[in-house]
Amino acid sequence: EIQRFFLRLTGAIDDAIDFASRLELALHFAHENIGNHRLYQTMLAEEPEVLLPLLTTQSEQVRDMVAGYLAPYLVLEQRAGRTLTGVDPAAASAYVARLTLSYIVNPGRDDLSNWAVVRRVVRRELLGGVLTSEALAQPGQPAIPPESS
């Protein structure tokens, strides 16, 4: 089920123009799809003692997978001069993956069905310490990652 979710997610964000836009699309897609997933919602309501430990034990694997997906896109942003000085793409990708997954599971008071809120969360909370203010304010070139090995 997790693999199917991520296949749908990557298809939904493939056309993003830059890293921040990709993350906005991903956060919104994930929030909407998890919120509308009947099995997930039923288990969360009726058997949280079963679901929550599973999410915890698999969270490291999922986080690493998300970070691995994000890293090549962040490298492109860095090559384009759109990251803050000293940003390590691998460490920043892990950081962004961890925060993004936290928001997906528990958005707190943020209404992630509202695009303006998603944009604020991504550009201030998730990427404020990663991308330059120029990169956060205006879209970059289409983000096509280098070939993975």
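Residues numbered from 1 in each chain as written. Predicted model: local features only at pLDDT ≥ 70, side-chain atom pairs only at ≥ 80, totals over all residues. Heavy atoms only, no water.

1. Thoughts on the overall build of the chain
Scanning the chain for helices and strands turns up seven helices and zero strands. Ordered by position from the N terminus, the helices and strands of the chain form the series α-α-α-α-α-α-α. Expressed as a percentage of its 149 residues, the buried residues of the chain come to 38%. Of the contacts made within the chain by residues no fewer than 6 positions apart, 72% connect residues no fewer than 24 positions apart. (Helix = DSSP H or I, 4+ residues; strand = E, 2+ residues; numbered from the N terminus. Buried < 20%, exposed > 50% of the residue type's maximum accessible area, 1.4 Å probe, protein only. Contact = heavy atoms within 4.5 Å.)

2. Some details on the nonpolar core
Among the nonpolar cores identified, the biggest contains 34 residues, and Leu27, Leu126, Leu127, Val130 and Leu131 are the most heavily contacted of them. Breaking this core down by element, the ones donating at least two residues are helix H1 (2-13), helix H2 (19-35), helix H4 (48-79), helix H5 (89-105), helix H6 (115-126) and helix H7 (133-137). When residues of this core are assigned to their parent elements, the largest contribution, seven residues, is made by H2. Excluding its chain neighbours within four sequence positions, the residues that come into contact with Leu27 are Thr100, Tyr103, Ile104, Leu112, Val118, Val121, Val122 and Leu126. (Core = buried A, V, L, I, M, F, W, Y, C linked by side-chain atoms within 4.5 Å.)

3. Things to note about the pattern of salt bridges
In the structure shown here, the tally under the stated rule is six salt bridges. Glu77 is paired through a salt bridge with Arg82; the nearest N and O atoms lie 2.4 Å apart. A relative accessible area of 3% places Glu77 in the buried class. With its nearest N and O atoms 2.5 Å apart, the salt bridge here joins Asp110 to Arg120. In this pair, Asp110 sits in the loop between H5 and H6 while Arg120 sits in helix H6, placing the two residues ten residues apart along the sequence. You can call Arg120 partly exposed: its relative accessible area is 28%. What emerges from the salt-bridge pattern is a single network uniting Asp18, Glu77 and Arg82. (Salt bridge = Lys/Arg side-chain N within 4 Å of Asp/Glu carboxyl O.)

Everything listed is a geometric property; what it means functionally is a separate question.
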